[in-house]
Amino acid sequence: MGIIKSKNLVFEYIRRDEEGNVEAINRAVNEVNIEIKQGDFVAILGHNGSGKSTLAKHMNAILQPTEGDIWIDGKDTKDIDQLWEIRKTAGMVFQNPDNQIIGTVVEEDVGFGPENIGIPTPQIWERVEKGLKAVNMLSFRKHSPNKLSGGQKQRVAIAGIVAMQPKCIVLDEPTAMLDPNGRKEVIDTITRLNKEEGVTVILITHYMEEVIGADKVYVMDQGSVVMEGTPKEIFSRVDELKQYRLDVPQVTLLAEELKESGVSLSDGILTIDELVNEICQLY
Amino acid sequence: MIRDITIGQYYPKDSVIHKLDPRTKLVGTLAYIISLFLFNNFLGYIVVTLFLVGVIKASQVPFRFIIKGLKAIIMLLMITVLFNLFLTKGTPLVEFWIFTITKEGLRISLFMAIRLIYLIIGSSMMTLTTTPNQLTDGLESLLGPLKKIKVPVHEIAMMMSIALRFIPILLEETDKIMKAQIARGADFESGNLVKKAKSLVPLLVPLFISAFRRANDLAMAMEARCYSGGEGRTKMKPLLYQVNDYRAYAIFVLYFAAIIAMEIVL
Ligand SMILES: Nc1ncnc2c1ncn2[C@@H]1O[C@H](COP(=O)(O)OP(=O)(O)O)[C@@H](O)[C@H]1O
Ligand SMILES: [Mg+2]
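Residues numbered from 1 in each chain as written. Chains lettered and ligands numbered in written order. Predicted model: local features only at pLDDT ≥ 70, side-chain atom pairs only at ≥ 80, totals over all residues. Heavy atoms only, no water.

- The name recorded for chain B in an unreviewed UniProt entry is Energy-coupling factor transporter transmembrane protein EcfT, from Candidatus Galacturonatibacter soehngenii.
- The UniProt entry for chain B carries this comment under Sequence similarities (unreviewed entry): "Belongs to the energy-coupling factor EcfT family."
- UniProt lists a comment for chain B under the heading Subunit (unreviewed entry), and it reads "Forms a stable energy-coupling factor (ECF) transporter complex composed of 2 membrane-embedded substrate-binding proteins (S component), 2 ATP-binding proteins (A component) and 2 transmembrane proteins (T component)." (UniProt positions renumbered as here; feature names shortened; annotations may be inferred.)

- An unreviewed UniProt entry lists chain A under the name Energy-coupling factor transporter ATPase, with Candidatus Galacturonatibacter soehngenii as the source organism.
- According to UniProt, the comment filed for chain A under the heading Sequence similarities (unreviewed entry) is "Belongs to the ABC transporter superfamily."
- UniProt, in the comment section headed Subcellular location (unreviewed entry), describes chain A in these words: "Cell membrane".

If you want it as structure tokens, here you go:
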């Protein structure tokens, strides 16, 4: 069994009126079956409101399924006794960098998680140092988070999770509020964590460029997983992606246009290098 | 205006005072404040002044910076002085129209002003040399015994440190919203009090909505990082008394004894 596995996962937001009668039901996650292998870099794509965040919150037991099951490292999230173990296994990074930093000094914020799980003081310091090193923020350890850029804040948030030594990190649109530089910093950092430390990464995003390096991509729409496969497989289905209101990378679009006008290129070209190579081989 | 308040601000330096345990500084400040109201003779002011100057020197915080903090209390200071000056009965010194200034009034208002100034300077010495986090840690530890009577000490300390972290963020946000509303023609300056209060509504509503959203996000982020209250939590920076803290306590005891002794003898 993979590190994260869900079976017919359903979650409904239920709105009640003052007397507690059900007013509206919003099925945010609908019959989702996923399985994520330990050590993989998995991306979840989807338009706004497609249920990505709701699904992500299940991976950290912040939300419990309405129907179906989800297991994190073999532990059922409905099992209250396992709650803290699950949260130690799967760390979570959120979208807004300001709203997830608790400490008034960078290093104290990174130490917050280890403090919560009762790590002895000397080990907390080791973990904080390692965590900050892993995101290249060690030189900022004494700084106030308020003075950092968005990308740096997000890296501090990642360090805070790394310091808890989880097997997997779920990032819910960590780059949505960042400028292109910050976005690159964050993506490079999590890619490195995945490749060098072997941490399973689940990246939720709606920037297609960020999923090119992923091992596996899920596309969600209206609460359901509608596509899954390698980036190559996903991006070769341009029309389908457009139908789910996702922006296909420029290079892929260009390759698609060229193909339609008769240039023989392979499906699902993702990077400029790839396109250049293919074109060079043609002539 | 808000930026002028140095009370509660931290002034980074590596001085002896900065390195003291926050508990020492909290207890010391409390003792110092009490001591300000224990004496009533001239020599006492000299001792307090010497003590305060000594602490300021040792803290390496520039005097100018400390004085800036007094700006915030100037109104309070004036009111206190004026009331004491005109309303104290005794031997008249100056008389004009309906006002009389008495010898006693002058003396009391002068000493009151000095005490107030010393009180503010003394307590800002604590906040200037202690990070907000150390301060809440210190409070949590000092108030720890209250946990036995079910006072949520840890939670209060956590609330304080989160508030301190979010004050600058919310200030910035207020500024942003204000500019956005001004750009749309909102007017926060003119009009009478009622109109001014009304003009704050388009500022406060978005601010509150955003603050609640932040609170929601933050609670979730804390929960996701395994926060479950003070129970079973370890500390990255546990409070430990050093030799200097014992020295500081000794100095405080001596200072306190000197103040009381003077009051009894003189
Ligand atoms: N706290 C909530 N209460 C009620 N409905 C919600 C809540 N959060 C999200 N939803 C709804 O659930 C659906 C999925 O939202 P979400 O998981 O946030 O999507 P995404 O992260 O992909 O943008 C949306 O229709 C949204 O309106
Ligand atoms: Mg979302």
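### Observations regarding the UniProt feature "domain: ABC transporter" (unreviewed entry) in chain A
- This chain's UniProt record puts "domain: ABC transporter" (unreviewed entry) on residues 4-247 of chain A.
- For residues 4-247 of chain A, the helix share is 33%, the strand share is 28%, and the end-to-end C-alpha distance is 27 Å. (Helix = DSSP H or I, 4+ residues; strand = E, 2+ residues; numbered from the N terminus.)

### Considerations on the site of ligand 1
All names here are of chain A.
- All residues in the neighbourhood of ligand 1 are listed as Tyr13, Asn26, Ala28, His47, Asn48, Gly49, Ser50, Gly51, Lys52, Ser53 and Thr54.
- Between ligand 1 and Ser50 there is a distance of 3.2 Å, counted from an oxygen atom to a backbone nitrogen or oxygen.
- At a separation of 2.9 Å, an oxygen atom of ligand 1 approaches a polar backbone atom of Lys52.
- Protein burial of ligand 1: of its 560 Å² of free accessible surface, 59% is covered by the chains.
- If you list the elements that add at least two residues to the shell around ligand 1, you get strand S2 (22-36) and helix H1 (52-58). (Near = heavy atom within 4 Å. Polar contact = N/O pair within 3.5 Å; in protein donor to acceptor, adjacent residues only side chain to side chain. Areas by Shrake-Rupley, 256 points an atom, 1.4 Å probe, with all protein chains shown as cover.)

### A few points about the sheet that holds strand S6 (residues 90-93) of chain A
Residues and elements named next belong to chain A.
- Read across the sheet, six strands follow the order S6-S7-S8-S3-S9-S10 without closing on themselves; strand pairing throughout is mixed. At either margin of the open sheet sits one strand with a lone partner, and together these are S6 and strand S10 (224-229). Ignoring strand direction, the axes of neighbouring strands in this sheet form an average angle of 20°.
- Relative to strand S9 (residues 216-221), strand S3 (residues 41-46) runs parallel, the two sharing five bridges. The partner of Ala43 across the bridge, within S9, is Val217. (Pairing = 2+ DSSP bridges. Axes fitted to C-alpha atoms, helices over the stretch in contact; angles between N-to-C directions.)

### Describing the pattern of salt bridges
- All chains considered together, the criterion is met by 28 salt bridges over all chains.
- In this structure, Arg155 of chain A engages Glu185 of chain A in a salt bridge whose closest nitrogen and oxygen atoms are separated by 2.5 Å. Linking Arg155 of chain A in helix H5 (residues 150-162) with Glu185 of chain A in helix H6 (residues 180-197), this pair joins segments that are 30 residues apart in sequence.
- Judged by relative accessible area, Glu185 of chain A falls into the partly exposed class, the value being 27%.
- Its salt-bridge partner being Lys235 of chain B, residue Asp137 of chain B comes within 3.6 Å of it at the nearest N-O pair. Here Asp137 of chain B is found in helix H7 (residues 132-142), whereas its partner Lys235 of chain B is found in the loop between helix H10 (201-224) and helix H11 (243-265), with 98 residues between them in sequence.
- Each of Glu107, Glu108, Glu129, Arg141 and Lys142 of chain A together with Lys237 of chain B takes part in one network of salt bridges that share partners. (Salt bridge = Lys/Arg side-chain N within 4 Å of Asp/Glu carboxyl O. Buried < 20%, exposed > 50% of the residue type's maximum accessible area, 1.4 Å probe, protein only.)

### Considering a nonpolar patch on the surface
Residues and elements named next belong to chain B.
- Taken together, the side chains of Leu30, Ile34, Leu38, Phe42, Leu43, Ile46, Leu50, Ile260, Ile264, Val265 and Leu266 define a hydrophobic patch exposed on the protein surface, amounting to about 1100 Å² of accessible area.
- The set of elements that each furnish at least two residues to the nonpolar patch consists of helix H2 (22-36), helix H3 (42-59) and H11.
- In terms of residue count, H3 provides more of the nonpolar patch than any other element does, four residues in total.
- Here Leu50 shows up in helix H3. (Patch = residues over 30% accessible without salt bridge, like charges linked within 9 Å, V, L, I, M, F, W, Y side chains within 5 Å.)

### Some points on unusual backbone geometry
Residue and element names in this part refer to chain A.
- Non-glycine residue Asn8 carries a positive phi angle of around 45°.
- If you trace the backbone, Asn8 turns up in strand S1 (residues 4-16).
- The residue Asn136 is not glycine, and still its phi comes out positive at about 60°.
- Note on placement: Asn136 falls in the loop between helix H4 (121-134) and H5.

### Quick word on the UniProt feature "transmembrane region" (unreviewed entry) in chain B
- Under the feature "transmembrane region" (unreviewed entry), the UniProt entry names residues 29-53, 65-87, 108-131, 151-171 and 246-265 of chain B.
- Taken end to end, residues 151-171 of chain B has its terminal C-alpha atoms 30 Å apart, with 90% of it in helix and 0% in strand.

### Considerations on the interface of chain B and chain A
- Listed by partner, the interface residues are 26 residues for chain B and 38 residues for chain A.
- With both sides pooled, the region where chain B packs onto chain A buries about 3000 Å², and carbon together with sulfur makes up 56% of that total.
- Considering only the side of chain B, the residues that lose the most area to chain A are Arg165, Arg225 and Met236 of chain B, jointly responsible for 31% of the buried surface there.
- Joining chain B to chain A, the criterion identifies five salt bridges.
- Two residues, Lys237 of chain B and Glu107 of chain A, come together in a salt bridge whose shortest N-O distance is 2.9 Å.
- Inspection of the region where chain B meets chain A yields 18 residue pairs in polar contact (both at pLDDT 80 or more).
- At the level of secondary structure, the elements contributing two or more residues to the side of chain B that touches chain A comprise helix H8 (153-183) and H10 of chain B.
- Considering only residue class, the side of chain B that touches chain A consists of 13 nonpolar, five polar and eight charged. (Contact = heavy atoms within 4.5 Å. Buried area = accessible area lost by both parts, 1.4 Å probe. Nonpolar A, V, L, I, M, F, W, Y, C, P; charged D, E, K, R; others polar.)

### Some remarks on the sheet that holds strand S4 (residues 67-72) of chain A
All names here are of chain A.
- Taken together, four strands build an open sheet; the order of strands is S2-S1-S4-S5 and the sheet is antiparallel. Of all strands in the sheet, those with a lone pairing partner are S2 and strand S5 (75-76), marking the two edges.
- Across five bridges, the pairing between S1 and S4 is antiparallel. In the sheet register, Ile4 faces S4, and the bridge partner there is Ile72.

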